Structure formats: C-alpha cells, structure tokens
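# Overview (structure and organization)
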Amino acid sequence: MKPRCLRFCFLSFFGASFFLVFLVSFLCTTAVGAFALDREAFTFTRYDLGVRVEAEQRRLGVRGKIALRNDSPTPQKIAVLQISSSLDWRSIQAGDKPLQFVTQPYTSDIDHTGALSEALVTLPEVVAPKGTIELEIAYEGVIVLDATRLTRIGIPEESATRSDWDQISTKFTAVRGAGYVAWYPIATEAADLSESENLFDVLGRWKAREAAATMIFDFTPPSLRGDTSAPVTLCGGDELHPIKREGGSKLPSSQCSYQPLGLSVPAFVVAGYGVVDRPAITVYNLPEHAVAAEAYAEAAEKTIALITEWFGPSRRKAETADLVDSNAAPFESGSLLLTPLTVADAKLAGLVAAHQLAHASFYSSRPWIDEGLAHFAQALYLEQQRGRQTALDYMGLHRAAFSEAEKQTAASTPENEVNRSLVKTTNEELYRSKAMYVWWMLRDMVGDRALKKTFAAYRPEQDIDPSYMPHLIQSQTQRDLEWFFNDWVYRDRGLPDLKVESAFSRKTTSGYLLTITVENRGGAGAEVPLTVKFAGGEIGRRLEVRAKSKGVIRVETSAAPVEIVVNDGSVPESNLANNTFKIEPEQK
Ligand SMILES: [Zn+2]
C-alpha cells in the first residue's frame, strides 16, 4: 500500500483481487438501432443545475439544464447520460418536449456504488459533429455511504470507506463528483478497478473533455427538523454566495460555480460546523474537533510567511472543512480542502496547510503548475522545519507513486511521450508528484531568487501556451534549460538512471585530483548532486548529465577520496541502487 496519508490520492492504487464481469452493450445495441453507441461522443459543455438535499431522507434531487456538444466525427442520434446507480431519472426534455429514453444499470467503478443509472436518450434530431443540443433534466434518489466498488475487489469495508466517504446524512453531508459519486450527469465507458490503470484512463479522458466546461449550481441545503441555526454549506467552486429568496426563507440557497471546471471535481458539503476564522484561513470543524481546528489554524498561520515569500500574498482565503471519519483520505476541490481535523500533530497540520495556502496564493489553470507547486510548497515547508533531507525523504514517498507509471514510458511511443507530458497529462501522479520533483530540480538549478521572481511574474490569464512558464523561468537565468523542459515538461521521457562509470584520482602538491565520469542510461537528462567523501570530510558538486550520455567532473580533495555518491534523492531515478561508488585504495 502506498503512503496514502501524505498524499491527495486517488483510487487506482488498490490492487485487483478478482475479475469483474460487466453487463455490456447487448441492451444498448438493441436500443440504438442503426446508430452505433459512442458513450464518449458528447462533451458536456455546460451544467446549470438546481440541487436540493433532504438530509433526513438522505435524498438528492436535481433539476436543470445541460448543454452537450458532439465531439465525435460521426453524427449522433443517441445521447448517453449517466448518474449514480442510487439515483433515478425522472425526466429528460429538449425545448419543453419530453424525449424518449431507456434506462439501464451500467456497471462502472467510476461511481462509489460500482454502477451507474444510464439513460439512452433518443434525441429529437441527429446532432452533427460539433453540433450542440440543450437538455432539461430531472433526477433524484439517495446518496448513502457506499464503497461497493472497493469491497467487491476485496478491500475491507473499513479501509474502503476511508476513500469512499461520500454521503448525505443529518449529521454530515459531503458529496464529491466524477470519480466518486456521479451526482451530475456524465458519459464514460465502463471503468474497472480490477485493471490497474483503467479507472485512471477513463476518468482522465472524462476530465480532459470537461476541462473547458462550466458548472453552476444553486444549492438548497437541508432543513433539519428542530434545527435553530442553518448548517454551514461549502463548495469547492469560485463563489458560494447566498441567494435571497422571496419570503425570506430561513435557509437561503447558495450558488456555486466552476468557470471553467479545469480538473476540479465539483463537491458540496453541509454540516453543523463550528468555525475558526483567521486572516488567511477559515477552518470548519465538527463540534468534537474544536481543539484540533484551533491547532490547524495556528499551524497554517505559522506557515504563511514561508508561502508568501515564495508565492506572494494570498489571493483569497483558504477554507478547510472537517470530515467525520478521522481516517478519511483528504480531498481538495478548488479552494476547499476536506480533511479530518483530528490530527493533533502540528507538523502534519503545517504540512497540509502549506499545500492549501500555496493554492490560496498562487493559481494556474495548468495542473503541473498549480498542483505541482502546492506539493513543492510542502517540501519547502519540511525543509524549513527539519532540513533538506526531510524534504527529500518526503518527496521519496511521492516517487514511489509515479515511478510505477513511468515504467510504462520505457516502451513509449512519441505520441505517448506527448500525451503523458506534464503539460498534457491528466494523471494525478504525474502532475502532482512528478511535477513536485520538477519544481525542486528547477529550484536547485536556477536558485531560489530566480524562481521566486518567476512566480511573481506569472500571470495565469497570460498562460495560454504551454511554453509560457518555461520561458518565464528561462528569462531569469543565463543557463540553457530547453533540454530540461523537453525531457521533463513538454514530453515524458521517463526517468534518468545515473551511476558513476569511473573515477580516477591522482596525488597533487596540495591533495588529490579526482576525475569522475557519470553515466545517465535513462531517457531524461538531469543536473545531479555528487558527494565525494574522503578522510575527514566531504565535498558536494553538481553535474549536468543529459539523457543517454555521460558527464565528467574534476574534484579536488585534501585527503584520499574513498566514496562517491551520485544523487542525494532530489532527482527521481528509475534505479537508486547503483548510486554509490567505492574508490579502491589501489586506484589512488
Ligand atoms: Zn492541491
């Protein structure tokens, strides 16, 4: 099991233990007649939804409009709309006219229940490629704690609900979107957790299609019986502002928007939270976690100076909300972080806060920048608290997460190299963990000052080309970094594999002169730290070694050198077992 507590993780890491048989397309082919069913033909470009939650019944009711665009090369007569299997379709219309639709269960691990309620909608007319259609939809049902997709592949219930904690209940309501609970319509091919990367791929395709979409929902929170004060309602979108209803309802509805969606997962939370409000952060806690909330807010406040120094002043207030299960995996949606507030350890609170505050200070629509820097901020925090080695150890936990994905790159095609690049990937392991390393390596290469100036100069609205950020960094240094961006950012060339090929030393009048040749057998180049150890001390140097080539460096030492260590852990490598080179006494 991967180090889940330290990462904002996703589910693809669960090992498969048995094979799932899917109910596939027999029903569909009969329903669609002459048209082949392409579940991923339509992009949902706009959601405009009214959402009502009835906590006592655990019910969700949704009415609204969605706009679909045919992004396939063929005309489409059928639209596929999928919602969680615990929800039921009530009506689907176009221009006030009811449309015919067939509903069926569709087994897919994209939803926590392991299945979807799929509607195959016969459209009023064929939608040509690039054509659009607007549908009015209504559906409702319950959302209860359900981890079927995990328990059926052998994960114990208790662990499964730490990941799949979504639910509507009187005490606590938290519902996340695509990839957790299909509480708004989606359209994807079946995802299967028993195949290692399958859910990632399906979800990645969906998110990539939806990145430019907009979502707005009016949210009517539950009215709890005998409740005197309104529960706190939160969402991860840009704004959540109360809308005044005529008659002055006790519980006004709120609006939440994602414009655009980017890679965010729309989510909403309702609970009788207490509030700890500080200048840079608001922490919402369940009544039993008031002390932990104070500690979290305090840890966050202590982290602000470091974050501001690197990423500038905060653009908006960070929000953290408590989760019921104290072992629940954290989750972030836009500006909102959901994490259990039971951790009394201020160091861990500071580590989590560093990530969140980096988001509050710095924004980019590019995940490798936005998330990569938020994780980089966590490494900076650990370095400040406990030194460089602690930061490198922490990054090492992340390396385990993405080095598995990188193995596939070894036999990669040029097309894959581009699709899996940091500027294009939808794989969280790459745009979070790998990107964190990339930022750390850039910092080691260009220096803190140059990188801070880069961040200060960055304007998200001007970032319309993938080369915008690399050019900003390049403008702060005399060094040519194009090779680095090509190997790590524009393409996925896998990881370096560095080792000392040879080392020769000779005695000089003042000590020893050591000539070291470092070989890089990997597909990505790197500037790597080297440590030369000798009796009574050690010397550190840095050496640039391009992909599939060698670099040579000369180092003077005052006593006979005994050992060379290539890479202190700051460069992610495919093989870390060959990094130490002993210098035999007879070589001296
Ligand atoms: Zn983040």
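Overview of the structure.

About the criteria used
- Residues numbered from 1 in each chain as written.
- Predicted model: local features only at pLDDT ≥ 70, side-chain atom pairs only at ≥ 80, totals over all residues.
- Heavy atoms only, no water.
- Salt bridge = Lys/Arg side-chain N within 4 Å of Asp/Glu carboxyl O.
- Disulfide = S-S within 2.5 Å.
- Helix = DSSP H or I, 4+ residues; strand = E, 2+ residues; numbered from the N terminus.
- Buried < 20%, exposed > 50% of the residue type's maximum accessible area, 1.4 Å probe, protein only.
- Contact = heavy atoms within 4.5 Å.
- Core = buried A, V, L, I, M, F, W, Y, C linked by side-chain atoms within 4.5 Å.
- Axes fitted to C-alpha atoms, helices over the stretch in contact; angles between N-to-C directions.
- Parallel < 35°, antiparallel > 145°, perpendicular 65-115°, else oblique.
- Left-handed = near helix turned anticlockwise from the far one by under 90°.
- Pairing = 2+ DSSP bridges.
- Donors = N, O, S within 2.8 Å, 3.2 Å for Na, K, Ca; no water.
- Tetrahedral: all angles 85-135°; square planar, octahedral: opposite > 155°, others 65-115°.
- Phe/Tyr/Trp six-rings, centres within 6.5 Å; stacked < 30°, edge-to-face > 60°.

## Re the pattern of salt bridges
Inspection of the entire model under this criterion finds 39 salt bridges. Where Glu-519 meets Arg-521, a salt bridge forms, and the shortest distance between an N and an O atom there is 3.5 Å. It is possible to trace a salt-bridge network through shared partners that takes in Arg-388, Asp-444, Arg-479, Glu-527, Arg-542, Glu-544, Arg-546 and Asp-568.

## Quick word on the state of the cysteines
Overall, the coordinates contain one disulfide when judged by the stated rule. A sulfur-sulfur distance of 1.8 Å marks the disulfide that ties Cys-235 to Cys-256. In this structure, the disulfide formed by Cys-235 and Cys-256 twists by about 85 degrees around the S-S bond and is classed as right-handed. Here Cys-256 lies in strand β13 (residues 253-258) and Cys-235 lies in strand β11 (residues 232-235), a separation of 21 residues in the sequence. A single burial state applies to Cys-235 and to Cys-256, both of which are buried.

## Re the environment of Lys-550
Counting through the fold element by element, Lys-550 comes out in strand β24 (residues 549-557). Placed 52 residues apart in sequence, Lys-550 and Leu-498 show a C-alpha to C-alpha distance of 9.3 Å. With residues up to four places along the chain from it excluded, the contact list for Lys-550 reads Glu-501, Thr-517, Val-518, Glu-519 and Val-545.

## Quick word on the nonpolar core
Residues Phe-311 and Trp-439 are the most contacted members of the largest nonpolar core, which totals 93 residues. Per element, the largest residue contribution to this core is 12 residues, and it comes from helix α10 (residues 428-446). In this view, Phe-311 contacts Ala-358, Ser-361, Phe-362, Leu-373, Phe-376, Ala-377, Leu-380 and Phe-455; residues no more than four positions away in its chain are not counted. Of all hydrophobic cores here, the second largest spans 81 residues; its members include Ile-110, Ile-186, Leu-199 and Phe-331.

## A look at the packing of helix α5 (residues 290-311) against helix α7 (residues 367-386)
Helix-helix packing is described using two parameters, namely the angle between the two axes and the distance between the axes. Taken N-terminus to C-terminus, the directions of α5 and α7 make an angle of 125 degrees; their axes are 11 Å apart at the nearest point. Comparing the axis directions of α5 and α7 gives the class oblique. Like other packed secondary-structure pairs, α5 and α7 cross with a definite hand, here right-handed. Seen from α5, the contacting residues are Thr-303, Leu-306, Ile-307, Trp-310 and Phe-311; seen from α7, they are Leu-373, Phe-376, Ala-377, Leu-380, Tyr-381 and Gln-384.

## What to know about the sheet that holds strand β15 (residues 274-277)
Taken in spatial order, the five strands of this open sheet run β15-β16-β17-β19-β18, and their pairing is mixed. Looking at which strands have only one partner, the edges of the open sheet turn out to be β15 and β18 (331-333). The average undirected angle you get between the axes of adjacent strands in this sheet is 20 degrees. With four bridges connecting them, β15 and strand β16 (residues 281-285) associate as antiparallel partners.

## Structural notes on the sheet that holds strand β3 (residues 76-84)
The strand order across the open sheet built from three strands is β3-β7-β6, with neighbouring strands paired in antiparallel fashion. On the outer flanks of this sheet lie β3 and β6 (101-107), each paired with one strand and no other. Between one strand axis and the next, the sheet turns through 30 degrees on average, direction left out of account. Pairing of β6 with strand β7 (residues 115-127) involves seven bridges; the strand directions are antiparallel. Its bridge partner being in β7, Thr-103 is matched across the sheet by Ala-119.

## Some points on the coordination of the zinc ion
Taken together, Glu-332 (OE), Glu-332 (OE), His-355 (NE2), His-359 (NE2), Glu-371 (OE) and Glu-371 (OE) make up the protein donors of the zinc ion, found 2.0 to 2.6 Å from the metal. The coordination sphere of the zinc ion comprises six donor atoms, whose angles at the metal cover 54 to 156 degrees; the geometry is irregular. Along the chain, the residues donating to the zinc ion fall in the pattern E-x22-H-x3-H-x11-E. Within this pair, whereas His-359 is found in helix α6 (residues 346-361), its partner Glu-371 is found in helix α7, the two being separated by 12 residues in sequence. When sorted by exposure, His-359 lands in the same class as Glu-371, which is buried.

## Describing the side chain of Thr-303
Tracing the sequence through the fold places Thr-303 in helix α5. Contacts of Thr-303, omitting those with residues within four sequence positions, involve Gly-350, Ala-354, Leu-357 and Tyr-381.

## Section: the pairing of β11
Going residue by residue along β11, you find Val-232 and Leu-234 tucked away on one face and Thr-233 and Cys-235 tucked away on the opposite face as well. Note: β11 against strand β14 (residues 267-271), four bridges, orientation antiparallel. What sits directly across from Thr-233, in β14, is Val-270.

## Regarding the pairing of strand β1 (residues 42-54)
In this sheet, strand β2 (residues 59-70) lies alongside β1 in antiparallel orientation, the contact comprising 12 bridges. If you follow Gly-50 over to β2, its bridge partner there is Arg-63. Pairing of β1 with strand β10 (residues 214-220), which is carried by seven bridges, proceeds in the parallel orientation. Across the sheet, the residue bridging to Tyr-47 is Met-215, located in β10.

## Description of the packing of aromatic side chains
To describe a pair of aromatic rings, you give the distance between the ring centres and the angle between the ring planes. With the rule as written, the count across this model stands at 28 aromatic pairs. With a centroid separation of 5.0 Å and an interplanar angle of 85 degrees, the aromatic rings of Trp-183 and Tyr-184 are classed as edge-to-face. When its relative accessible area of 3% is taken as the criterion, Tyr-184 is described as buried. Taken together, a centroid distance of 6.2 Å and an interplanar angle of 80 degrees make the contact between Phe-376 and Trp-440 edge-to-face. Residue Phe-376 is found in helix α7, and its partner Trp-440 is found in helix α10; the two are separated by 64 residues along the sequence.

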